[in-house]
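Here's the letter readout for the chains.
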Protein chains: 2
Amino acid sequence: MINGSIFVGGQEHGGGAIFQAVDPATGAQIEPGFASASPADVESACALAEAAFESFSATTLEERAAFLEAVADRILAAKDAIVPRAVTETGLPKPRLEGEVGRTVGQLRLFASVVRQGDWLDATIDPALPDRQPLPRVDLRRANVAVGPVAVFGASNFPLAFSVAGGDTASAFAAGCPVVVKGHPAHPGTGELVARAVREAVAACGLHEGVFSYLPGPSIELGGALVADPRIKAVGFTGSRGGGLALMKIASERAEPIPVYAEMSSINPVILFPAALEARGQAIAEGFVQSLTMGAGQFCTNPGLLIGIAGEALDRFAEVAGKALESSQPVTMLTPGIHSSFEKGVAALESHEAVTVVARGCVGEGVNQARGALFTTDAASFLADPVLGHEVFGSSSVLIRCKDVAEVKQVIAGLEGQLTATLMMDEADHGLAAELVQPLARKAGRVLANGWPTGVEVSHAMVHGGPYPATSDGRTTSVGSLAIARFLRPVCFQNLPDALLPAALRSDNPWQIARRVDGTVVKA
Amino acid sequence: MINGSIFVGGQEHGGGAIFQAVDPATGAQIEPGFASASPADVESACALAEAAFESFSATTLEERAAFLEAVADRILAAKDAIVPRAVTETGLPKPRLEGEVGRTVGQLRLFASVVRQGDWLDATIDPALPDRQPLPRVDLRRANVAVGPVAVFGASNFPLAFSVAGGDTASAFAAGCPVVVKGHPAHPGTGELVARAVREAVAACGLHEGVFSYLPGPSIELGGALVADPRIKAVGFTGSRGGGLALMKIASERAEPIPVYAEMSSINPVILFPAALEARGQAIAEGFVQSLTMGAGQFCTNPGLLIGIAGEALDRFAEVAGKALESSQPVTMLTPGIHSSFEKGVAALESHEAVTVVARGCVGEGVNQARGALFTTDAASFLADPVLGHEVFGSSSVLIRCKDVAEVKQVIAGLEGQLTATLMMDEADHGLAAELVQPLARKAGRVLANGWPTGVEVSHAMVHGGPYPATSDGRTTSVGSLAIARFLRPVCFQNLPDALLPAALRSDNPWQIARRVDGTVVKA
């Protein structure tokens, strides 16, 4: 059931058919029309979120985990409605979206297990030392607490895993923060179905209705008003650099500036090492084209930059990659707007005097289809023009030909912050790679070897983040269990009687969590 | 030996006697004259810091800890030169400065122990699962790495513990970050002596000279240029709200915005609960005046706001506090500028129509002396004028008389972010206190009971931080072992051969640190 509604806490209301989703595969509008949240909705949702904060942030680990699982269960139960609607709204294939439901559910369950374990509280106790000289030490106890209500902006390219109940929402809930979601206008039906699942979970778990609100709408002002609301204490965003920068500006100009966790743009350099290229250049080239064109290249971790040392092996690589790309089929992009940006970005590279087209993918017959594009240029040209280092969202990549290792290092040093950096190497390359791992780790949140960056595991060790402008805050991740840290702050409680302490810090350790006592972690 | 020098890495150079320190107790200038660092010095210091980064951030835990201890040892060795100079430059008494040397040395040694233990690396391993269905999992390993060169701005009120080798510098070194210190012009001689100790430790430990530079100077532009330098990746600052906001603005407008950890202003509310006030109002009043006037009230955690319910007990409290304050001796403030700001702040409260003077301290005969000041107003007036909630740096405090508990809650809800919030309570107050702990924890980094906030322990559980504007970033602390987290970022290494991994993540665990494997911490 898709009503085109806004969910402000437990209230569902319409507001006229202000906008409709578009099927990118046909360009046709899809029924029904959707309401667009108003400033009054932002006000009500934020007031409810604030009202919900005290009780929600004080839920037990078990209550919070059970809520996350209830959200997961309801999304899974609605899968048969969600997937076909998401296919129509995004042009993404059904198996991909089925997988994304699984990933979304898996994320929620991972955070449930993280919440139950309690390590994220970082509970720390420095017991009183009444006899210490020259001064006694008082009892000091520290734990992380939720920052407050969080605004979440869904991404167009993951209508489930990075949207209404995606990683940002799951990690904010896990931290104990009520969430107000700004729904993405490209998949409003999918958004509403997921929002309804979350809302039902809130009610079923007996939580305050303000724990979750869903504000769909196409306007930029709506998102700006949400970030400007004084009750919002942090923002999660996945989208364009322009969008992320605009939210960062609003957040920094508030009377109380707040953190914005914006995942924005990345071209994900891949270093092609000589021995690997020599030994298995063909396989690497084929794998590259697969990663480049998968999902029309609409991944934040798409390999948009290849860096190699000019020579026969690199020429052969380009030739094989070009041939594979030429036979690649065009793929429908997420929205007409994304397609048009892709076309502009590719056209700019095609007409750039220092850039040569290696190959383009097949021409399609449908609308909004991406033809893959591989370009090449030399290192000097790349270093001379920062535009060549900007992301073209979609299956476009530039191969940089360097004269020697020194130039490879120069290119790396000149890169902006990235989500990922990839080493394609064989054992004979390890000596050279050893010199590049640290420089690449300074530029990226994830350094990987002999794989493609487009696979992002949801786990404890994952970092889906990186220095600016890959994200607004390179100290964090938006995927994996560490994402919970974005919505926490430490508070020290000094000399408080047990009854007034948060449960995590009480002397009887009621949650049976691991705690750091006098500097050493002690298991329960 | 104080030469009035600038230390750019291993180079010491003068540059003319541009400014001198002032003895605040006499107003007289102190020899020698000091050079002021130039834009060229900023450039050189940042270039050296960048050059030092790769090797310094790759030092072993033992090497890094030994360096921190070497700094501590050299400061201790120079104590007999440092303390008298600091007394003359700050007007602070000798025992206080001797204690501050101890604290500074203790901080460095605490971070050495933290570094050796290795928990700060948050080493996390998700082993490969080659047989997982539907897709295998690759080997993923995450650890924290240093963010890059750090700029540190010393505070005037702690010429050692929050200055050249204070908590910001110690925690940045511990994280593996080279440090460029902007020396505070109020204690340049003390600064130079400490800087020389650090520089000697860098050399003695065989580290790259760029690990530390010291740029003294009175100009605001100098600090701005340092924060704007693209090689600087984070900033530590303790000082005024105006100063902190200016640095935040520069940092956010860089091509690559960077985090500023500014500890700025706080009035540290103290809630006087009814039963405690009834039972021991006199003792609380006397303790309050001691905390208020200690060190001329020049602590970030000075109790600048008292909140109580109007009535006889509160009247008696005010009377006793007033009497104690009236007999308190005036104390020399740190600088003529701080004294003049204090006078202005006190005069503004004195002339405020809604504010009554409870008492002032004794009039002094010397220059730059603070006379303590206690004011009172009612809750409605306090809520109506935000100026009454602004910090007056020094021994000035305002007692808010509330009609009832509801008004106490309103006052708390209206507060800006704070470093601390204090509960003065007896057992009979616990019921009421239970309702206020969470609201206070939302406003402050530390909530304490039955003590005064001016004591700040350097330990694992301490949080010396708090929501804006107490600090620029309420997710962190500038005191205690958690301060290291400010200068770290996580990096994930995927499928890297052991030889290319950071030591913290190698399969043989060469540093024998605790690591999280598949979500559970495993001791070495």
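Going along each chain's sequence as written, the residues are numbered from 1 onward. The naming scheme follows written order: chains are lettered A onward, ligands numbered 1 onward. It should be noted that, the model being predicted, local features are given only for residues of pLDDT at least 70 and side-chain atom pairs only at 80 or more, the latter also being counted only at that level, while totals for whole chains, interfaces and linings use all residues. Water and hydrogen atoms were dropped before computing side-chain values, which therefore reflect all heavy atoms in the structure.

Chain A carries the name Aldehyde dehydrogenase (NADP(+)) in an unreviewed UniProt entry, which gives Sphingomonas abietis as its organism.

## Description of the overall build of chain A
The helix and strand labels rest on DSSP assignments: H or I over at least four residues marks a helix, E over at least two residues marks a strand, and numbering proceeds from the N terminus. Helix and strand content of chain A: 14 helices and 23 strands. For chain A, the C-alpha radius of gyration of 24 Å lies close to 24 Å, the compact-globule estimate for 524 residues. With respect to the three principal axes, the spread of C-alpha positions in chain A is 75 × 65 × 40 Å. Throughout, a residue-residue contact means that at least one pair of heavy atoms, one from each residue, lies within 4.5 Å. Put simply, of all contacts in chain A between residues at least 6 apart along the chain, 76% involve residues at least 24 apart. Methods summary: accessible areas were calculated by the Shrake-Rupley approach with a probe of 1.4 Å, and residue burial reflects only the protein chains presented. In the structure as shown, chain A presents an accessible area of about 17600 Å², 56% of it carried by carbon and sulfur atoms. His is not counted, nor are the chain ends; Lys and Arg add positive charge and Asp and Glu add negative charge. Taken as the charge centre is NZ of Lys, CZ of Arg, CG of Asp or CD of Glu, depending on the residue. Of the charged side chains in chain A, 40 are positive and 54 negative; the average position of the first set lies 4 Å away from that of the second. The size measure is the radius of gyration over C-alpha atoms, and the globule rule it meets is 2.2 Å times the number of residues to the 0.38 power.

## So, the nonpolar core
Soluble, globular proteins show a tendency: their nonpolar side chains are buried together. By size, the foremost hydrophobic cluster in this structure holds 219 residues, and its most contacted members are Ile-75 of chain A together with Ile-75 of chain B. In this structure, Ile-75 of chain B is in contact with Ile-82, Val-101, Thr-104, Val-105, Leu-108, Ala-165, Val-194 and Ala-197 of chain B, ignoring residues within four places of it in sequence. Here, nonpolar core refers to any group of buried Ala, Val, Leu, Ile, Met, Phe, Trp, Tyr and Cys residues whose side-chain atoms link them within 4.5 Å. Using a 1.4 Å probe on the protein chains alone, a residue whose accessible area is under 20% of its type maximum counts as buried, one over 50% counts as exposed, and one in between counts as partly exposed.

## Notes on the packing of helix H4 (residues 94-117) of chain B against helix H5 (residues 167-175) of chain B
Residue and element names in this part refer to chain B. Contact geometry of H4 with H5 gives a least axis separation of 9 Å together with a crossing angle of 20°. The pairing of H4 with H5 is recorded here as roughly parallel in orientation. Classified by chirality, the crossing of H5 by H4 is right-handed. Between H4 and H5, the residues in contact are Gln-107, Leu-108, Phe-111 and Val-115 and Gly-167, Ala-170, Ser-171 and Ala-174, respectively. Only the stretch in contact is used when a helix axis is fitted, and all axes are lines through C-alpha atoms; the angle between N-to-C directions ranges over 0 to 180 degrees. The labels follow the angle: roughly parallel below 35 degrees, roughly antiparallel above 145, roughly perpendicular from 65 to 115, and oblique for the rest. Throughout, a crossing is termed right-handed when the near helix is turned clockwise from the far one, and left-handed when it is turned anticlockwise from it by less than a right angle.

## Quick notes on helix H8 (residues 241-253) of chain B
Residues and elements named next belong to chain B. For H8, which comprises 13 residues, the first-to-last C-alpha distance of 18 Å matches the rise-based estimate of 18 Å (1.5 Å per residue) to within 8%. Among all positions of H8, only Gly-244, Leu-247, Met-248 and Ala-251 are buried. Here the buried residues of H8 occupy an arc of 105° about the axis, which is enough to place them on one side. On its buried side, H8 packs onto strand E7 (150-153), helix H7 (220-228), strand E10 (234-238) and strand E11 (260-263). Take the number of residues in a helix, subtract one, and multiply by 1.5 Å to get its expected span. In this context, the arc is that of the directions from the helix axis out to the C-beta atoms.

## Concerning the interface of chain A and chain B
Listed as interface residues are 71 residues of chain A and, on the opposing side, 70 residues of chain B. For the pairing of chain A and chain B, the buried interface totals around 5700 Å² over both sides, and the portion due to carbon and sulfur atoms is 53%. Its largest share of buried area at the contact with chain B, chain A owes to Arg-442, Arg-475 and Leu-500 of chain A, together 13% of the area lost on that side. Only one rule defines a salt bridge in this text: a Lys or Arg side-chain nitrogen within 4 Å of an Asp or Glu carboxyl oxygen. Here chain A is connected to chain B by eight salt bridges. Glu-457 of chain B is the salt-bridge partner of Arg-132 of chain A, the closest N and O atoms lying 2.6 Å from each other. Pairs of N or O atoms are called polar contacts if they sit within 3.5 Å, as long as, within protein, a hydrogen donor faces a hydrogen acceptor (for residues adjacent in sequence, only side-chain-to-side-chain pairs). Where chain A meets chain B, there are 39 residue pairs in polar contact (both at pLDDT 80 or more). Of all the secondary structure elements, the ones that give two or more residues to the side of chain A that touches chain B are helix H1 (39-57), strand E5 (124-126), strand E6 (140-146), helix H14 (430-443), strand E20 (444-449), strand E21 (488-494) and strand E23 (520-522) of chain A. Along the lines of polarity and charge, the residues of the side of chain A that touches chain B split into 33 nonpolar, 17 polar and 21 charged. At least two DSSP bridges between two strands are needed for those strands to be called paired. Note that E21 of chain A and strand E20 (residues 444-449) of chain B share three bridges and pair parallel. Counted as the bridge partner of Phe-493 of chain A is Val-447 of chain B from E20 of chain B. Summed over both partners, the accessible area lost on bringing two parts together, with a 1.4 Å probe, is the buried area. Under the grouping applied here, Gly and all other residues not named as nonpolar or charged are polar, the nonpolar ones being Ala, Val, Leu, Ile, Met, Phe, Trp, Tyr, Cys and Pro and the charged ones Asp, Glu, Lys and Arg.

## Remarks on the relation of the copies chain A and chain B
Copy-to-copy superposition: least squares on the C-alpha atoms, limited to residues that have pLDDT of at least 70 in both copies. For the pair chain A and chain B, the best superposition has an RMSD of 0.0 Å and corresponds to a rotation of 180° with a translation of 0.0 Å parallel to the axis. Within this description, the copies of the chain are treated as partners about a two-fold rotation axis. Residue Ser-252 of chain A, judged by its C-alpha, is the member of chain A lying nearest the rotation axis, at 4.1 Å. Both copies share a contact surface, since 99% of the interface residues of chain A are interface residues in chain B too.

## Things to note about unusual backbone geometry
For the bond running from Glu-31 of chain A to Pro-32 of chain A, omega is -10°, close enough to zero to count as cis. Of note, the amide linkage connecting Tyr-468 of chain B to Pro-469 of chain B takes the cis form, showing an omega dihedral of 5°. Looking at the secondary structure, you find Pro-469 of chain B in the loop between E20 and strand E21 (488-494). Of note in this structure, Asp-122 of chain A is not a glycine but carries a positive phi near 50°. Relative to the elements of secondary structure, Asp-122 of chain A occurs in the loop between helix H4 (94-117) and E5. Even without being glycine, Asn-509 of chain B reaches a positive phi, approximately 45°. Its place among the elements puts Asn-509 of chain B in the loop between E21 and strand E22 (515-517). In this structure Asn-509 of chain B comes out as buried when scored by relative accessible area, which is 8%.

## Points about the side chain of Ser-478 of chain B
Looking at the element boundaries, Ser-478 of chain B is found in the loop between E20 and E21. When sequence neighbours within four positions are dropped, the list of residues in contact with Ser-478 of chain B reads Phe-162, Gly-167, Asp-168, Glu-263, His-464, Ala-483 and Arg-486 of chain B.

## So, the UniProt feature "domain: Aldehyde dehydrogenase" (unreviewed entry) in chain A
UniProt positions are given in the numbering used here, feature names are shortened, and annotations may be inferred rather than shown by experiment. Mapped onto this structure's residue numbering, the UniProt feature "domain: Aldehyde dehydrogenase" (unreviewed entry) falls at residues 19-466 of chain A. Within residues 19-466 of chain A, the helical portion is 45% and the strand portion 20%, while the C-alpha atoms at the span's ends are 35 Å from each other.

## Observations regarding the pairing of strand E13 (residues 305-309) of chain A
On a regular strand, each side chain points to the face opposite its neighbour's, so the side chains alternate between the two faces of the sheet. All names here are of chain A. Most of E13 is tucked away, with four of its five residues classed as buried. Relative to E13, strand E12 (residues 269-272) runs parallel, the two being bridged by four bridges. Counterpart to Leu-272 in the pairing with E13 is Gly-308. A right-handed crossover is one whose linking path, passing over the helix from the first strand to the second, runs clockwise when the strands point away from the viewer. Tracing the backbone out of E12, into helix H9 (residues 274-293) and back to the parallel element E13 gives a crossover that is right-handed. Bridge analysis of E13 against strand E18 (residues 396-402) gives five bridges, and the strand direction is parallel.

## Brief notes about the environment of Gly-154 of chain B
Residues and elements named next belong to chain B. By the secondary structure assignment, Gly-154 is in the loop between E7 and H5. Considered as a pair, Gly-154 and Pro-84 are 70 residues apart in the sequence and their alpha carbons are 19 Å apart. Not counting residues within four places of it along the chain, the set of residues in contact with Gly-154 comprises Phe-162, Ser-163, Lys-182, His-184 and Thr-238.

## Structural notes on the packing of H7 of chain B against H8 of chain B
All names here are of chain B. Across the interface, H7 lies against H8 with an axial gap of 9 Å and an inter-helix angle of 35°. Once H7 is placed against H8, the crossing between them reads as right-handed. Side by side, H7 and H8 meet where Gly-223, Gly-224, Val-227 and Ala-228 of the first sit next to Leu-247, Ile-250 and Ala-251 of the second. By residue class, the composition of the contact of H7 with H8 is five nonpolar, two polar and no charged.

## A few points about the pattern of salt bridges
Pairing between side chains of opposite charge can happen when their charged atoms approach one another. Residues and elements named next belong to chain A. What the rule picks out here adds up to 62 salt bridges over all chains. Measuring nitrogen to oxygen at the nearest pair gives 3.3 Å for the salt bridge that ties Glu-192 to Arg-196. Within this pair, Glu-192 and its partner Arg-196 are both found in helix H6 (residues 188-204), separated by four residues, close to a single helical turn. By the burial criterion, Glu-192 is buried, and Arg-196 matches it.

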